[in-house]
Amino acid sequence: MTDDLTKLNSKQMAEFAARGFLRFDSIVPKKLNDKFLKEVGHVPLDEVNNPIEHYGKVMTSSAIPVLRPGSLLCDAYPKTSAIYDILNLPSVEGAIASLVGNKPIFDHHFLHITFPPKFYEGNQQKSQHYHQDSTIDPRQAFDVQMMYYPHDVTVDMGGTRFLPGSHLRIVSEAAIGRYQNIVGQQRMVCPAGTLLFLHMGIWHGGGLNMSDQMRYMFKIRMNPGERQMRLWDTSDLGNEHYEQRPIFWTGTDPGNEIHQTLMKPEPWFEADTGRLEMMNRVRFWRYLLGDNNFDVDYWLTRVEREYT
Amino acid sequence: MTVTNTRQQVLVLYLATSALDTNVVGWANYDGTGQNFHMAGDNDTPPYKNGLEALKDGWRLIQASPLITHIPGNEYRTDYLKYEFFFEKMVNLEQILND
């Protein structure tokens, strides 16, 4: 780990706790994007015969190593590789350290390539159903998936679709495939070099590539190497952050910025379970703070006021 | 096997509460006529503002999520979208193809 890493601030961390993602546009410089695409074996589209053959070439001859899960992320990639350089950008290393600690564990990686319609003539293609990766995972500890977009992603390329705020819902992988569209869903339309950090629980799916170019997305899943408590730059947490703000009869003061972030609803929240989402966000923030007394808007304190 | 010209169109709406007149938060379409193809992420705008609007447009409600007692110790867990309503329209295939 380098000494000049730039950690997340509390506002960013609260954003992650509430919505389950952080997006950094163009955080990877062009020279590394170009280096990455060259290393994986990107070629002009007219040199690709079919998706299976191209994938086969990339799988066998690209610079992406075949790795066993469970090793340290810092030892995973050759020091000459673009991925190593990307992981060691101060802001990227800082974001990873803030989320999963200084010694995160490599879980798996995959290069997703989606091909344009000309390769599928006569066959109806469809986007990937909504799903949650892996399997039912009720842990408070969380894995992070870093998605890297090495080139510009336009609307018609079908970039990753995801549902902000869905990460705390405990579902079973593809069981949510019935949900075709949900209010507030987002999809990645981004400039080259963008990174998207996702909580493992985020509902997501790949889009259909309707452009005339291949779309690449490289994903690394990483596990925490330590208890995820106050790993970010907490120097901006003021005392007011620990105090309850007035509720219902509030006056005009919106209160602490982190409280606002944690309590901002998503447009798809149901009327009653939306409140449960707020409670679960507070629980998640308590976990991250290591402080079981923290609350916002009295959601947990009220129901914890039990006498025996 | 008897082949009919009738086909089912299915609309699934996910609402904000158990009341049919509350807002749509999610949806899915499946068209048995084969005339329309729907898939995940194909639209960001709900087809109706609420479930009642779908009834007014001729959709027949065929199933609604039951309200389920909360399991002790699990009251605050969230998982699948809670208020799911299945609607159908039965349409004549010949009529559609001739329109």
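Heads up: the structure comes first, above all this text.
Presented here is a report on the structure given in the accompanying data block.

Reading the values: the criteria
Residues numbered from 1 in each chain as written. Chains lettered and ligands numbered in written order. Predicted model: local features only at pLDDT ≥ 70, side-chain atom pairs only at ≥ 80, totals over all residues. Heavy atoms only, no water. Helix = DSSP H or I, 4+ residues; strand = E, 2+ residues; numbered from the N terminus. Rg over C-alpha atoms; globule rule 2.2 N^0.38 Å. Buried < 20%, exposed > 50% of the residue type's maximum accessible area, 1.4 Å probe, protein only. Contact = heavy atoms within 4.5 Å. Areas by Shrake-Rupley, 256 points an atom, 1.4 Å probe, with all protein chains shown as cover. Lys, Arg positive; Asp, Glu negative; His and termini not counted. Charge placed at Lys NZ, Arg CZ, Asp CG, Glu CD. Buried area = accessible area lost by both parts, 1.4 Å probe. Salt bridge = Lys/Arg side-chain N within 4 Å of Asp/Glu carboxyl O. Polar contact = N/O pair within 3.5 Å; in protein donor to acceptor, adjacent residues only side chain to side chain. Phe/Tyr/Trp six-rings, centres within 6.5 Å; stacked < 30°, edge-to-face > 60°.

## A look at the overall build of chain A
A tally of helices and strands in chain A yields eight helices and nine strands. Scaling as 2.2 N^0.38, a compact globule of 308 residues should have a C-alpha radius of gyration of about 19 Å, and chain A matches this with 21 Å. Taken along the three principal axes of its C-alpha coordinates, chain A extends 70 × 45 × 35 Å. For chain A, the residues scored as buried account for 53% of the 308 residues in total. For chain A, long-range pairs separated by at least 24 residues make up 85% of all intrachain contacts whose partners lie at least 6 apart in sequence. For chain A, the computed accessible surface area is about 14200 Å², with 53% contributed by carbon and sulfur atoms. If you average the places of the 32 positive and of the 37 negative side-chain charges in chain A, the two averages end up 3 Å apart.

## Quick notes on unusual backbone geometry
Positioned with a positive phi, A:Ser26 is a non-glycine residue whose angle comes to about 55°. Assignment of secondary structure puts A:Ser26 in the loop between strand S1 (21-24) and helix H2 (30-40).

## Some remarks on helix H5 (residues 90-100) of chain A
All names here are of chain A. Of all the 11 residues making up H5, nine are buried; the element is thus mostly covered by neighbouring parts of the structure. Looking at the packing, one finds that the buried side of H5 touches helix H1 (10-19), helix H4 (82-87), strand S3 (144-149), strand S7 (194-199) and strand S9 (215-223). The first or second residue beyond H5 is glycine 101, which carries a positive phi of 95°.

## Remarks on the interface of chain A and chain B
Counting residues at the interface gives 39 residues for chain A, matched by 31 residues for chain B. With both sides pooled, the region where chain A packs onto chain B buries about 2800 Å², and carbon together with sulfur makes up 53% of that total. Contact with chain B buries surface across chain A, with A:Arg178, A:Gln180 and A:Asn181 losing the most and accounting together for 25% of the total. The interface formed by chain A and chain B holds three salt bridges in total. The partner of A:Arg187 in a salt bridge is B:Asp44, and the shortest N-O contact between them spans 2.8 Å. Counting across the interface, chain A meets chain B through 25 residue pairs in polar contact (both at pLDDT 80 or more). Elements represented by at least two residues in the side of chain A that touches chain B include exactly strand S5 (181-182) and helix H7 (273-289) of chain A.

## With respect to the packing of aromatic side chains
All names here are of chain A. The full count for this structure, using the stated rule, is 15 aromatic pairs over all chains. The interplanar angle of 40° and the centroid separation of 5.5 Å between the aromatic rings of phenylalanine 16 and phenylalanine 142 together place this pair among those described as tilted. You can see phenylalanine 16 sitting in helix H1 and its partner phenylalanine 142 sitting in the loop between strand S2 (105-114) and S3, a full 126 residues away along the chain. The two residues phenylalanine 16 and phenylalanine 142 agree in class, both being buried. Aromatic side chains phenylalanine 36 and tyrosine 148 sit 5.0 Å apart centroid to centroid with 75° between the ring planes, which places their arrangement in the edge-to-face category. Residue phenylalanine 36 is found in helix H2, and its partner tyrosine 148 is found in strand S3; the two are separated by 112 residues along the sequence. Assigned by exposure class, phenylalanine 36 and tyrosine 148 land together as buried.

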